[in-house]
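Each chain is listed here by its residues.
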Amino acid sequence: MSAGVRQYWDLTKPRVVALIVFTAIVGMFLAVPGLPPLRESVLGFIGIWLAASSAAAINQLLDSRIDAKMARTSWRPIVSGQVSHRQALVFALALGALSMLILVLWVNLVTAALTFASLIGYAVVYTVFLKRATPQNIVIGGIAGAAPPLLGWAAVTGMRNEWDWAHALLLVLIIFVWTPPHFWALAIFRREDYARALVPMLPVTHGVTYTRWQILFYTVLLVAVTVLPWATGMSGLFYLGGALVLGVVFLGYAWKLMDPPDELYAMKVFNYSIVYLMALFAFLLVDHWLMPWLTPAAPFELQPLA
C-alpha cells in the first residue's frame, strides 16, 4: 500500500470499522433462515462499510485539535499533516455520498435512512456535542455505534414487520450495553490524555474507582442482556453456552479491574472486550446458520424467524 493511500486508509479507522461491518454481516445472516440474498448482502455490506468509513474520517477531522493533544491519536494523518483538512473533508463526503447512492438505488430506503442517521449520530452528534458535554457521552452516543446489526438486518429484509425490528434491536441492545465497559476501560488507561484534551470522560470527571464500579455494573447488565436472544427464541443452546462462558470471563476481568495488578490491566480488559464482541456475534452466527439442530424452543418465544 502506497504512503498516500495508507494515509486515507488510516482516516477510516479500519480496525474499528472492521468490527462494525462484522456485526452488520451477522445481522444480515440472522435476518433470514438460510443464506441472505446475494445482491442486497454485497451492496449492503459495501454501503455500510463506506458510511462507517465516512463517519470515522469526519470524526478525525472534527477531533483533530483534541487528537493533537493525546498520545494515542497524535499520529493520525490530519494531526501529522499528511492529509489536509480540506482533503479529509472531500474524502469523507465522497465516501458518505457513495454510500447513500448505493443504499438508496440498490438496497432499500430503510437501510439508507438508518445508515445516514447512524453516520450523523456518530460523526456529528457524538463527536461535536456529546463527547465534549457530558461524562455520559459514550453511553448516550453509543446508540449510533450499536446500529450496524440493525443496518445489516434492514439491508436484507427492508424491516417489513415488527418482528424484524424486535430481533434486530436485541442485537443493537447488546452492543449498546457493551460499549461503556469497553470504552471506559480504555479511558481509564488514557485518562491523562483525556484530561489534557479537556474531554470529560468518566475517569476524568468522577475518578478511576467510580469508573471501575460502572464497568462492573455494566458488565453484569451485559451478561443478562446477552441471554435475551436465547430467551426470546432468536438463538439456541449453542449460543447461550458461548455467551455465558464469554460473559463469565468478562465478569472476571471486570472484577479484577477493581483491584488491578498494574496500570496496564485496563488495556487487557479493553482488548478482551473486542474479542468478546467478535466471539459473541460469531456464536450467534454459528448457532443460527450452521447448527440449527441445537436451537430448541425457548421459554418465551417472540416469533419464529423462518
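Structure: see above.
Conventions we followed
Residues numbered from 1 in each chain as written. Predicted model: local features only at pLDDT ≥ 70, side-chain atom pairs only at ≥ 80, totals over all residues. Heavy atoms only, no water. Salt bridge = Lys/Arg side-chain N within 4 Å of Asp/Glu carboxyl O. Buried < 20%, exposed > 50% of the residue type's maximum accessible area, 1.4 Å probe, protein only. Helix = DSSP H or I, 4+ residues; strand = E, 2+ residues; numbered from the N terminus. Bend = angle between axes of the 7 residues up to and from the residue. Contact = heavy atoms within 4.5 Å. Polar contact = N/O pair within 3.5 Å; in protein donor to acceptor, adjacent residues only side chain to side chain.

(A) Up close: the pattern of salt bridges. Under the defined criterion, the tally for this structure stands at seven salt bridges. In this structure, the salt-bridge partner of Arg76 is Asp67, at a minimum N-O distance of 3.1 Å. A residue is classified by how much of its surface remains accessible, and Arg76, at 11% relative accessible area, is buried. The class of Asp67 is buried, set by a relative accessible area of 2%. Note that Arg196 and Asp193 form a salt bridge whose closest N and O atoms lie 2.4 Å from each other. Taken together, the residues Arg196 and Asp193, both in helix α11 (residues 191-196) and three residues apart, mark about one turn of the helix. By relative accessible area, Asp193 is classed as buried at 5%. Residues joined by salt bridges that share partners form a network here, namely Asp63, Lys131 and Arg132.

(B) The arrangement of helix α6 (residues 109-133) in detail. The largest bend in α6 amounts to roughly 60 degrees and is located at Tyr126. Three or more residues of α6 are buried, namely Thr111, Ala112, Thr115, Ser118, Leu119, Gly121, Ala123, Tyr126, Thr127, Leu130 and Lys131. Summarising the contacts, the buried residues of α6 are in contact with α3 (38-62), α5 (85-106), α7 (137-140), α8 (142-145), α9 (148-157) and α10 (162-189). The residue sitting at the N-terminus of α6 and contributing the capping side-chain oxygen is Asn108; that oxygen lies 3.3 Å from the backbone nitrogen of Val110.

(C) Representation of the environment of Ile274 in the model. Tracing the backbone through its elements, the reader meets Ile274 in helix α16 (residues 265-290). A residue is classified by how much of its surface remains accessible, and Ile274, at 26% relative accessible area, is partly exposed. Setting aside anything within four residues of it in sequence, one finds Ile274 in contact with Leu19, Trp178 and His182.

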